[in-house]
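For reference, the chains in residue letters:
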Amino acid sequence: MKNLIYLTICFFTLGISVTQLEITQNNTKPKDLVKNQFTPYSLSISENIPNTISYYDKEEEDQQEYYIKMNLGHYGPGGDDDTLWEPNLAWTCFGCNGKDLSDALTIKGNTVEKTSVVCYDNENQSTDVTKKNFCSNNNIWRSFTFFQDSGENLGHYGPGGDDKTLWEPSLAWTCVDCDGLDLSDAITINGKAVKKGSGICYDTSAQKTDIITKDFCNVTVNTWRSYSLIFK
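Just so it is clear, the structure is predicted and the values come from calculations on it, not from any experiment.

Caption draft 1: Just the layout of surface pockets, in detail. Here the largest pocket defines a volume of roughly 430 Å³. Around the largest pocket sit 22 residues that line it, and T106, A193, V194, K195 and K196 are the ones nearest its centre. Of the residues contributing to the lining of the largest pocket, the split by class is 11 nonpolar, six polar and five charged. Residue lining of the second largest pocket: 14 residues in total, with K114, F147, E152, T174 and T188 positioned closest to the centre. Of all the secondary-structure elements, those providing two or more residues to the lining of the second largest pocket are α2 (146-149), β8 (151-156) and β9 (167-175). Of the residues forming the lining of the second largest pocket, the biggest block, three residues, is contributed by β9.

Caption draft 2: Focus on the environment of S226. Mapped onto the secondary structure, S226 falls in strand β14 (residues 223-226). Given the relative accessible area of 43%, S226 is considered partly exposed. For S226 and I211, which are 15 residues apart along the polypeptide, the C-alpha to C-alpha distance reads 9.8 Å.

Caption draft 3: Up close: the state of the cysteines. One pass over the full model with this rule turns up four disulfides. Here C119 pairs with C135 through a disulfide, and the sulfurs are 2.1 Å apart. What sets the handedness of the C119 and C135 disulfide is the S-S torsion sign, and at about 80 degrees it is right-handed. Here C135 lies in the loop between β6 (126-131) and β7 (140-143) and C119 lies in strand β5 (residues 116-121), a separation of 16 residues in the sequence. You can call C119 buried: its relative accessible area is 7%. Put simply, C201 and C217 are joined by a disulfide, and their sulfur atoms are 2.1 Å apart. Around the S-S axis, the bridge from C201 to C217 shows a dihedral of about 70 degrees and counts as right-handed. Residue C201 is located in strand β12 (residues 199-203), and its partner C217 is located in the loop between β13 (208-212) and β14; the two are separated by 16 residues in the primary sequence. Residues C201 and C217 agree in their burial class; the two are buried. If one numbers only the bonded cysteines of the protein chain, in the order they occur, the disulfide pattern is 1-2, 3-4, 5-6, 7-8.

Caption draft 4: Up close: the sheet that holds strand β2 (residues 85-94). Strand order in the open sheet formed by five strands is β4-β3-β2-β1-β15, with mixed pairing between adjacent strands. Pairing within the sheet leaves two strands with one partner each, and these edge strands are β4 (110-111) and β15 (230-231). Bridge count for strand β1 (residues 67-74) against β15 is two bridges, and the pairing is parallel. Along β15, the bridge assignment pairs Y67 with I230.

How each quantity is defined
Residues numbered from 1 in each chain as written. Predicted model: local features only at pLDDT ≥ 70, side-chain atom pairs only at ≥ 80, totals over all residues. Heavy atoms only, no water. 1 Å grid on protein atoms, 1.4 Å probe; cavity = no way out; pocket = protein on both sides within 12 Å on 5 of 7 lines; lining within 4 Å. Points joined across faces, edges and corners; volume = space filled by probe spheres on them. Nonpolar A, V, L, I, M, F, W, Y, C, P; charged D, E, K, R; others polar. Helix = DSSP H or I, 4+ residues; strand = E, 2+ residues; numbered from the N terminus. Buried < 20%, exposed > 50% of the residue type's maximum accessible area, 1.4 Å probe, protein only. Disulfide = S-S within 2.5 Å. Pairing = 2+ DSSP bridges.

Below you can see the structure in the form of structure tokens.
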């Protein structure tokens, strides 16, 4: 009888010890497991974020080089003012942030000229596009940056720039970062900015072009190409 009681107590004590051991192990292992899983995952995220940001920033930067943007108003000389000037002034630019009017390609629908400048009236927060010598000494003037970035071409090499013969050798047009062979890369043609919806109708027999919409180009005998630019 005493032996039976003794054995019962031993088994009961052993059961408590085993249960405590299992509880201790169950409380310890998941912590270690979570810790071991979480640490490398956290480091992996940290290491990937800068690369991801850098990739998308670069992609956005590349895209900005190839579109014409419509803007309303600007932020004064250099785009550095805190107040929006002339909020109803419509202007376009080639891949800019829309703050600095001197980045303009067109203002009020008119293509800017190489010899003109933007004359800023700080007191009235207004501007005038004029010649440099007509800008008052009390005002600030800026030349247009578009002409610093663009290159001028004379003539082109037909649809896609793939012809072996130079077409229209007197035709003046500008582009940015292009090889000067393909007229569809143009930003301006004969001093006028290209327009959304229009394109180039190539007369391959006469080796001439016309700037019109596709509907007015006889595509049966001619070739039509849209501009490679994106309009926003």
